[in-house]
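# A structural walkthrough
Each chain, letter by letter, is given below.
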Amino acid sequence: VQLVESGGRLVQIGESLRLSCAASGRPISNYRMAWIRQVLGNEREFVGGISGEGTVTRYGDSVKGRFTISRDNARNMVYLQMDNLNQNDTAVYYCAAGEPPWTVTTLLTGYSSWGRGTQVTVSS
């Protein structure tokens, strides 16, 4: 499955932003999907994950209560709604897909297909 992220841009502290991930190649309804971010020079960080049917979600501690992951399997799309952004959210955000049997995992090794990322910059 091929993944292409979009929606990243420069925003101000406290603003909201929605990222999109367009999948192609095969239906993603059987895939767990995730958003993972990376600051240059740092390790990649799990942001949020969602099960194939969208019934199970998990979030990284730093974004709980502020970010929401969702999916539209009919459109082969995954989204990340980010609210109350702060400067620590500045990063490249990647969309990733993983095959069964896991439902959702925070382990980055559980995702085998990755997009090229989209840059989110939060400025004061």
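Now for a quick tour of the structure. Everything quoted here is computed from the prediction, not taken from an experiment.

What counts and how
- Within every chain, residues take consecutive numbers counted from 1 along the sequence as written.
- The model is predicted, so local features are restricted to residues of pLDDT at least 70 and side-chain atom pairs to those at 80 or more, both for listing and for counting; the totals for chains, interfaces and linings are taken over all residues.
- In computing side-chain values, all of the structure's heavy atoms are included and hydrogens and water are not.
- By definition, a salt bridge exists where a carboxyl oxygen of Asp or Glu is found within 4 Å of a side-chain nitrogen of Lys or Arg.
- Each residue's exposure class comes from its accessible area (1.4 Å probe, protein chains only) as a fraction of the maximum for that residue type: buried when under 20%, exposed when over 50%, partly exposed otherwise.
- Defined by distance alone, a disulfide is two cysteine sulfur atoms within 2.5 Å.
- The secondary structure listing takes helices from DSSP runs of H or I that are at least 4 residues long and strands from runs of E that are at least 2 residues long, numbered from the N terminus.
- Put simply, buried Ala, Val, Leu, Ile, Met, Phe, Trp, Tyr and Cys residues joined by side-chain atoms within 4.5 Å make one nonpolar core.
- Any two residues whose heavy atoms approach within 4.5 Å are treated as being in contact.
- Think of it this way: DSSP has to see at least two bridges between two strands before they count as a pair.
- Every axis in this analysis is a line fitted to C-alpha atoms, fitted for helices over the stretch in contact. Angles between the N-to-C directions lie between 0 and 180 degrees.

## Comments concerning the pattern of salt bridges
According to the stated counting rule, one finds five salt bridges in the structure shown. Between arginine 37 and glutamate 45 there is a salt bridge, with the nearest N and O atoms lying 2.9 Å from each other. Arginine 37 gets classed as buried once you look at its relative accessible area, which sits at 4%. In this structure glutamate 45 comes out as partly exposed when scored by relative accessible area, which is 30%. In this structure, aspartate 61 and lysine 64 form a salt bridge, with 3.1 Å as the shortest nitrogen-oxygen distance.

## A closer look at the state of the cysteines
Evaluated as defined, the whole model comprises one disulfide. Here cysteine 21 is linked by a disulfide to cysteine 95, with a sulfur-sulfur distance of 2.1 Å. Looking along the S-S bond of the cysteine 21-cysteine 95 disulfide, the torsion reads about -80°, which is the left-handed sense. Here the residue cysteine 21 occupies a position in strand E3 (residues 17-24), and cysteine 95 occupies one in strand E9 (residues 91-98), the gap between them amounting to 74 residues.

## Things to note about the nonpolar core
In terms of nonpolar packing, the biggest core is built from 27 residues, with Met33, Trp35, Leu80, Met82 and Tyr93 touching the most fellow members. Among all residues touching leucine 80, those that are not within four sequence positions of it are Leu17, Arg18, Leu19, Trp35, Val47, Phe67, Thr68, Ile69 and Tyr93. In terms of nonpolar packing, the next biggest core, distinct from the first, is built from six residues, Ala34, Ile36, Phe46 and Val104 among them.

## Quick notes on the sheet that holds strand E8 (residues 77-82)
Taking strand neighbours across the sheet as the criterion, the four strands line up as E1-E3-E8-E7 in an open arrangement whose pairing is antiparallel. In the strand order of this sheet, the two ends are held by strand E1 (2-6) and strand E7 (67-72), each with one partner. Pairwise comparison of adjacent strand axes, ignoring direction, gives a mean angle of 15° for this sheet. Sheet topology places E7 next to E8; six bridges connect them, and they run antiparallel. Bridge pairing in E8 places serine 70 opposite tyrosine 79.

## Looking at the side chain of serine 51
Here serine 51 lies in the loop between strand E5 (45-50) and strand E6 (57-59). When sequence neighbours within four positions are dropped, the list of residues in contact with serine 51 reads Tyr31, Val56, Arg71, Thr103 and Val104.

## A few points about the environment of glycine 14
Topologically, glycine 14 is positioned in the loop between strand E2 (10-12) and E3. The sequence separation of glycine 14 and leucine 85 amounts to 71 residues, and the corresponding C-alpha distance is 4.9 Å. With residues up to four places along the chain from it excluded, the contact list for glycine 14 reads Asn84 and Leu85.

It is worth stressing that arrangement in space is one thing and function is another; only the former is reported here.
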